[in-house]
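# Working through the structure, step by step
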Amino acid sequence: MIHSIALSLLSLTPSASTSTGLLTAHFENVLGTSLDLKIIASSEAVASTAESKVLAEINRLNDILSSRESSEFNVWRSSHGESIEISAELREVLQHFEEWNLKTDGALNPASEHIANMWASEIPSEEARENAVKEVNQAHWSLDENGATRLTDTELKLHSFTKSYVMEKAAEKAMKEEGVAGVVVNIGGDFVVKGDWTEKIGVSNPRNDAENAEVLGYLQVNNQAVATSGDYRRGSDIDGVHYSHIMDPRTAEPASEVISATVAHEDAVTAGALATAFNVLGVAASIDLAAQYPEASYLIVDKEGAEYRSENWPATSVEKSAISLVNIKEKLWTAGQSLDINFELARFEGRARRPFVAVWIEDEKHKPVKRIAVWYNKPRWLPDLRSWFAAKRDVEFDAASVTGATRGAGQYTLVWDGKNDAGEYVPLGKYTVFIEAAREHGTYQLIKQEMKFNGKSASQTLPGGEEMTAASLVYKAIK
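Residues numbered from 1 in each chain as written. Predicted model: local features only at pLDDT ≥ 70, side-chain atom pairs only at ≥ 80, totals over all residues. Heavy atoms only, no water.

Secondary structure assignment for the protein chain yields nine helices and 27 strands. Counting the 479 residues in the protein chain, one finds 50% classified as buried. In the protein chain, of all internal contacts separated by at least 6 residues, the share reaching a separation of at least 24 is 62%. Of the roughly 23000 Å² of accessible surface on the protein chain, 46% is carried by carbon and sulfur atoms. (Helix = DSSP H or I, 4+ residues; strand = E, 2+ residues; numbered from the N terminus. Buried < 20%, exposed > 50% of the residue type's maximum accessible area, 1.4 Å probe, protein only. Contact = heavy atoms within 4.5 Å. Areas by Shrake-Rupley, 256 points an atom, 1.4 Å probe, with all protein chains shown as cover.)

And the structure:
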């Protein structure tokens, strides 16, 4: 089910100068993840209509292509040995799988889920892996003029680029609405950007768990799709060893050489297919495959953290700010120090709204020096974050640079690298960490803790409450 939890009309940014408004919205439980939507339109009414069409198209295609019991795909895959009439959309996706299976020498395979299930809790035997390779690498269907015939009983799942396919179709629906100038569809970190809009997209670091970890770089995306595939801490841990959730159907083993691949291309299916294939193929074979798509740009990260970029990779490097001039007697933070801010958002029974959360740092004079994160959905409720809102008024800063969608119940870690809002290292000394949570029409909690940063590692456990059940600070000083 798709549930809208944010809708606001904001003023224009310069990159959408031909329009009069930007609608932003956030939705949960969309294709198994979340949806962030931006629509640049001539009015709120036009944007709302386009939003409805995006959601309707996603729902329609989900009814066709998902693995749930009532979907067209699931009904068809339950058949065997007879031609079943299928929709144009299901036929198109099945054809894409046939094409990309050939283009990637078997790296993309809709039966890979069979292998993933084998690795869910134990390492399968060599014999089991050999049998799986034979079972997975055979023709699972045949297409004819009227329909498709299921040839095997092997488990199938329309993974990989299927989400990209749905996103492309949904974005096209929005762009057909008169008065819509641009749209951004972001489902689970994959993007489709169309029309009169340029989206700045940060590429996450797969080797850093922190919510606000420094990105590997930025893409300025216009009329393109961006897909990222990788382990990103998913997968299975067996006997103390982590195995990727991405399987190589040619060997029946988890992919191991590449941990992340991001691809930008004007066609969403191509971007999604290449990103997944790069994880399976490894670096050298991926670069060879990419040569067949010179219009695509990519960033591949291997298991050692080495980065491989296409010559046309458009990402700007992460800007490193110079250290500000301070009194020579003052000792500054250095790159070897960091503060982990850990907290757990409470779980509530039944239907509950997610809390808004703000995290920031103040110096001994109670002046905010670093706004680390603001998670919210509806701007009109931001004043409920009372302490953060007061700090926001006192010191001017770019709120958009730290804002993000609300998060569900669970444990989170944010990192402070010792820099202020201007990107400059601050002097060592005493600072206060604020963690504030407020729920729309609900409860409120503020945790604040002073901590001394002097180059010596330390940790503190903070008292929990109704909104945040636990919290801690861990200061790491590498000597």
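A separate point is helix α6 (residues 162–175). Its 14 residues give α6 an end-to-end C-alpha distance of 20 Å, which sits within 8% of 20 Å, the value for a rise of 1.5 Å per residue. Looking at α6, one finds that the buried residues are T162, S164, Y165, V166, M167, E168, A170, A171 and A174. Looking at the buried positions of α6, the neighbouring elements they touch are α1 (44–65), α3 (88–103), β7 (180–187), β8 (190–195) and α7 (268–281). (Expected span 1.5 Å × (residues − 1).)

This paragraph deals with the sheet that holds strand β26 (residues 458–462). The strand order across the open sheet built from four strands is β23-β19-β27-β26, with neighbouring strands paired in antiparallel fashion. The outermost strands of the open sheet, each flanked by one partner alone, are β23 (410–416) and β26. The average angle at which neighbouring strand axes cross in this sheet is 15°, direction not considered. Here seven bridges tie strand β19 (residues 337–345) to β23, and the two strands are oriented antiparallel to one another. What sits directly across from I341, in β23, is L414. (Pairing = 2+ DSSP bridges. Axes fitted to C-alpha atoms, helices over the stretch in contact; angles between N-to-C directions.)

The subject of this paragraph is the packing of aromatic side chains. Enumeration over the complete set of coordinates arrives at 16 aromatic pairs. Summarising the aromatic geometry, the rings of F343 and W375 are spaced 6.0 Å apart at their centres and angled 40° between planes, so their arrangement reads as tilted. Taken together, the positions of F343 in strand β19 and W375 in strand β21 (residues 368–375) put the pair 32 residues apart, joining distant regions of the chain. Considered together, F343 and W375 belong to a single accessibility category, that of buried residues. A ring pair is formed by F453 and Y475, whose centres lie 4.9 Å apart and whose planes are at 85°; its orientation type is edge-to-face. Residue F453 is found in strand β25 (residues 444–453), and its partner Y475 is found in strand β27 (residues 468–477); the two are separated by 22 residues along the sequence. (Phe/Tyr/Trp six-rings, centres within 6.5 Å; stacked < 30°, edge-to-face > 60°.)

Moving on, we get to helix α5 (residues 126–136). Counting along an α-helix, one turn takes 3.6 residues, and residues three or four places apart therefore face a common direction. Looking only at α5, the buried set comprises R129, A132 and V136. Looking straight down α5, one finds that the buried residues subtend no more than 60° of arc, so they occupy a single side. Along α5, the residues that are exposed and aim more than 90 degrees away from the buried face are E126, E127 and K134. Elements that come into contact with the buried residues of α5 comprise α4 (112–118) and β15 (253–254). (Arc of directions from axis to C-beta.)

Take the side chain of S66 next. Mapping S66 onto the fold places it in the loop between α1 and α2 (72–77). The exposure class of S66 is buried, given its relative accessible area of 13%.

What follows covers the pairing of β21. For a regular strand, the rule is simple: side chains alternate between the two faces of the sheet. Counting buried residues along β21, seven of its eight residues qualify, which places the element largely inside the surrounding structure. Relative to β21, strand β20 (residues 356–362) runs antiparallel, the two being bridged by six bridges. By the bridge assignment, V357 is partnered in β21 with W375. Where β20 folds back on β21, the antiparallel hairpin that results is connected by five residues, among which H366 adopts a positive phi of roughly 65°.

Within the open sheet, the three strands sit side by side as β4-β6-β5. Their pairing is antiparallel. Both edges of this open sheet fall to β4 (83–84) and β5 (141–143), since each of them pairs with a single strand only.

Another point: the environment of W119. Tracing the sequence through the fold places W119 in the loop between α4 and α5. Between the C-alpha atoms of W119 and E253, which are 134 residues apart in sequence, the distance is 8.2 Å.

In this structure, strand β2 (residues 21–30) lies alongside strand β3 (residues 33–41), joined through eight bridges in antiparallel fashion. For L23, the partnering residue across the bridge sits in β3 and is I39. Where β2 folds back on β3, the antiparallel hairpin that results is connected by two residues, among which L31 adopts a positive phi of roughly 50°. In terms of strand pairing, β3 meets β7 through seven bridges, oriented antiparallel. Bridge pairing in β7 places I39 opposite V183.

Considering soluble globular proteins, one finds that nonpolar side chains tend to be buried as a cluster. L35, I39, W76, L90 and F278 are the most contacted members of the largest nonpolar core, which has 77 residues in total. Among the elements that line this core, the one with the most residues is α7, at 10 residues. In this view, L90 contacts I64, L65, E72, F73, W76 and L158; residues no more than four positions away in its chain are not counted. In terms of nonpolar packing, the next biggest core, distinct from the first, is built from 31 residues, W333, W416, L462 and Y475 among them. (Core = buried A, V, L, I, M, F, W, Y, C linked by side-chain atoms within 4.5 Å.)

Moving on: the packing of α1 against α3. Interhelical geometry of α1 versus α3 gives an angle of 65° and a closest axis separation of 9 Å. Overall, the two elements α1 and α3 adopt an arrangement that is roughly perpendicular. Along this stretch, α1 crosses α3, giving a crossing that reads as right-handed. Contact residues: R60, L61, I64 and L65 in α1; E89, L90 and V93 in α3. Looking at side-chain class alone, the contact of α1 with α3 contains five nonpolar, no polar and two charged residues. (Parallel < 35°, antiparallel > 145°, perpendicular 65-115°, else oblique. Left-handed = near helix turned anticlockwise from the far one by under 90°. Nonpolar A, V, L, I, M, F, W, Y, C, P; charged D, E, K, R; others polar.)

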